[in-house]
Every structure is written in C-alpha cells, then in structure tokens.
Amino acid sequence: MHQTFQQSVIDEFRANAGTVGGPFDGTDLILLTTTGARSGKPHTTPLGYVRDGRRLLVVAWGLGAPLHPDWYRNLLAHPAVRVELGGETYDCLAVPAEGARRDELFARVVAEAPGYADHQEATDRVLPVVVLELPGPDPAAPPVRSLADKLVEVHTWLRGQLRHVHDETEAHFAARAGRTGGGEPPSPGLGLQIRQRCLAFCQALEFHHTAEDGHVFPAMEDHHPHLRDVFDRLRHEHRAIGAVQSALAALLADAAVAEPDRFRSELARMTDKLTAHLDYEEEHILPLLAEVPWPPAAPGARTA
C-alpha cells in the first residue's frame, strides 16, 4: 500500500470511528501500531481482520510479496502492539500461531474471508496468522486513586505476566516429558506464544525500571534524603535484574527459543530476583506514595 494512500486510510479511519469508504467500503479494518524492529519508532498499518470472540485474527499476506511484511517483523521484535478498533484503542500482545493451531485459525479466517485462500495459493511462503487478544475489563481490580495504587497495579501486572510465562514454560516441558510413541521428536523451541509473552514482559519491565531510575526515584529522594540507602539498593537491583533480562533477550533473539533448558534456568533466576525486589520496593516506597493523587492533576488545576 502506497504510503500516502495508507495515511489517507488511517486519517479516514480515525475521523469516522473505524469506517472507511472507497475500496475498503464494508471491510472490517483495524489500525495496528507496531514498534519498528530496527528504528524503534511507531508504525501504523491498516489491516483486515476476522473476529474470534475476544480475539482478532490478522494474516500477514503482505500483498503477496515473497517476504513477510514489515509490521509482522516488527511485532516479532516488539510483541506489545496497539490496536484501534472502531472508536476504541487497546494495548495487546501479538502472538503468531504455530503448526496445527495456525492451520486451524487460518481455516477460521478463510471461512469468513475466502480471499485469503487465494492469497495463500499465490505465494510459496506460509502466511502467518497473528492472534491479537483484546483485554477485557477486570471487575475485581481495585480503583486507582493514588500513585501507590498505580504502582501496585503495575507490579500486579508484572507478577501476573511472569506467572503466565512460567506456567506456559512448565506446561511445555511437561508435554515434552509426557510424549510417547514414534515419529519426529518435538521441536526444541519453546514456541512463539512463550517467546512473545516473555519478550513483552522483559520490555515492559525495562521501561518501568528506566522510568523509576530517571524520574520517580530522583524526585522522591529529594523529599526523603533519609531513605537514600533504600533508593541505592533499588537501583542496584534494577541493574542486577537488567543483567538477567539481557540474558533472556539473547535467548529470545530468534523466533524459536533454541535453548529451552537455559531459558528455564534464567527465567527461574529472574523470578527470584524480581519477586524479592518488588516486595522490598512495596515495603519501603508505597507508604510515601499513598497521598499522591493519580492521575496527576493538570498543570494549573485547582485541588479541593
């Protein structure tokens, strides 16, 4: 899609809550924003999709080109993506399907949009099917009224994502251990779902710690100089956790994790270090943030 035409589609989509005319009249479209694999800059692409419950299925057919489209390569490097659907915007995890699951989901797509079968026939590469899981509301989530609440919310998400990665990894090992019969041995890789979730977790954790080191901790330290040792310890732990993140990122560099045993060991090390770090931070930092309102008031706004 030519860049100027693509931008006109994006503008029309956003101006009309997802409705686009012309050649896309009647087509179900989303805007998918990925982070450039090399540039690190955001890139937005209009894509057709097929809804499957709370999941959106998109196919990386790339106009029949011999290589996968840029947006697909971007999400392999940065699995956290933004989806605009109608007038709503969601932060999602992008997970390409593999093997039999890919074939099952592709059949689901073709049942809704038969043209994709022609697209697959026209190319030698297997067209990837990417699953975008829309987040649902969490009625059990406590309200966020202070910066302390916000920190707990972020920590709860980090702990939850780490549990997901751990559970999926252990399920993978259990399936491999329980495999019987002949045929080809299972792939040594951990699978794209585990890879994507772990990579998204690592990138979110790095962003969180960078924000704390660069903004949150210096501001708090100015007001609480007697806690300098606490902030020094937290910063030191950030560096130690960052070293484990780097080891995991190296293992996740390819689409398939080729050293699952080493990955499992590094994941256990990450779990131990991060759990102790979050517990220590909450013990010492949360009381200082309980009276700081969230979201912060706009500059010049009056407070009651």
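Small disclaimer: the values here were computed from a predicted structure and weren't measured.

Engineer: What should I look at first to understand the sheet that holds strand β6 (residues 88-96) in this one?
Structural biologist: For sheets, the rule is that strands pair by backbone hydrogen bonds, running either parallel or antiparallel. Across the sheet, which stays open at both edges, the 7 strands sit in the order β2-β1-β5-β6-β7-β4-β3 with antiparallel pairing between neighbours. Among the strands making up the open sheet, the edge pair consists of β2 (42-48) and β3 (50-52). Along the sheet, successive strands turn relative to each other by an average axial angle of 35 degrees, direction set aside. Of the strand pairs in this sheet, strand β1 (residues 29-35) and strand β5 (residues 80-85) are connected by 3 bridges, and their pairing is antiparallel. If you follow Thr33 over to β5, its bridge partner there is Arg82. Strand contacts of helix α2 (residues 70-77): β1, β2, β4 (55-59), β5, β6 and β7 (129-133), with the helix running at about 50 degrees to β1, the strand carrying the most contacts. Against the sheet, helix α6 (residues 192-223) engages β5 and β6, with an angle of about 130 degrees to β6.

Engineer: Just to check I follow, could you spell out the packing of helix α7 (residues 228-251) against helix α8 (residues 260-289) for this structure?
Structural biologist: Across the interface, α7 lies against α8 with an axial gap of 10 Å and an inter-helix angle of 160 degrees. By the angle between their axes, α7 is roughly antiparallel relative to α8. Like other packed secondary-structure pairs, α7 and α8 cross with a definite hand, here left-handed. Across the contact of α7 with α8, the residue classes break down as 15 nonpolar, 4 polar and 7 charged.

Engineer: In this structure, what is going on with the environment of Leu205? I would like to understand it.
Structural biologist: With respect to the secondary-structure elements, Leu205 resides in helix α6. Put simply, Leu205 and Ala117 are 88 residues apart on the chain and 39 Å apart in space, counted from C-alpha to C-alpha.

Engineer: What's the story with the pairing of β1 in this structure? I'm lost.
Structural biologist: As a general feature of sheets, a regular strand has side chains that alternate between the two faces. Burial of β1 is extensive: 6 of the 7 residues sit out of reach of the surface. With 7 bridges connecting them, β1 and β2 associate as antiparallel partners. Bridge pairing in β2 links Leu29 to Gly48. The hairpin formed by β1 and β2 contains 6 residues between the paired strands, and Gly40 there has a positive phi angle of roughly 75 degrees.

Engineer: Can you walk me through the packing of aromatic side chains in this structure?
Structural biologist: Aromatic rings considered in pairs are described by the distance between their centres and by the relative angle of their planes. Scanning all chains against the criterion turns up 3 aromatic pairs. Geometrically, the ring pair formed by Phe5 and Phe24 is stacked, given 6.2 Å between the ring centres and 20 degrees between the ring planes. Of the two residues, Phe5 sits in helix α1 (residues 3-15) while Phe24 sits in the loop between α1 and β1, which places them 19 residues apart along the sequence. Taking the relative accessible area as the measure of exposure, Phe5 reaches 37% and is therefore partly exposed. Judged by relative accessible area, which is 17%, Phe24 ranks as buried. Ring centres of Phe217 and Phe231 lie 5.4 Å apart, and the angle between their planes is 55 degrees; on these two criteria the pair is classed as tilted. Note that Phe217 is positioned in helix α6 and Phe231 in helix α7, a separation of 14 residues in sequence. Exposure class is identical for Phe217 and Phe231. Each is buried. Sitting over the face of the ring of Phe106, Arg102 holds its NZ or CZ atom 4.4 Å from the ring centroid. Against the face of Phe173 rests Arg264, its NZ or CZ located 4.1 Å from the ring centre.

The rules behind the values
- Numbering of residues starts from 1 in each chain and follows the order in which that chain's sequence is written.
- Where local features are concerned, this predicted model is filtered to residues with pLDDT of at least 70; where side-chain atom pairs are given and counted, the filter is 80 or more; whole-chain, interface and lining totals use all residues.
- Only hydrogens and water are set aside; all other atoms, that is, all heavy atoms of the structure, feed into the side-chain values.
- The pairing criterion for strands is at least two bridges between them, as found by DSSP.
- Each helix is a run of H or I in the DSSP string that is no shorter than four residues. Each strand is a run of E no shorter than two, and both are numbered from the N terminus.
- Note on geometry: axes are lines fitted to C-alpha atoms, helical ones only across the stretch in contact, with angles between N-to-C directions running from 0 to 180 degrees.
- When checking whether two residues touch, look at their non-hydrogen atoms; a contact exists if any pair is within 4.5 Å.
- Here the angle decides the label: under 35 degrees means roughly parallel, over 145 means roughly antiparallel, 65 to 115 means roughly perpendicular, and every other value means oblique.
- Each crossing gets its handedness from the near helix: less than a right angle anticlockwise from the far helix is left-handed, clockwise is right-handed.
- Three classes are used, and their members are as follows: Ala, Val, Leu, Ile, Met, Phe, Trp, Tyr, Cys and Pro are nonpolar, Asp, Glu, Lys and Arg are charged, and the others, Gly among them, are polar.
- Residue exposure (1.4 Å probe, protein chains only): buried if accessible area is under 20% of the type maximum, exposed if over 50%, otherwise partly exposed.
- The pairing test for Phe, Tyr and Trp rings, Trp by its six-membered ring, is centres within 6.5 Å, and the orientation test on the planes gives stacked under 30 degrees, edge-to-face over 60, and tilted for anything in between.
- Put simply, a charge is over a ring when the Lys NZ or the Arg CZ is close to the ring centre, within 6 Å, and near the line of the ring normal, within 35 degrees.

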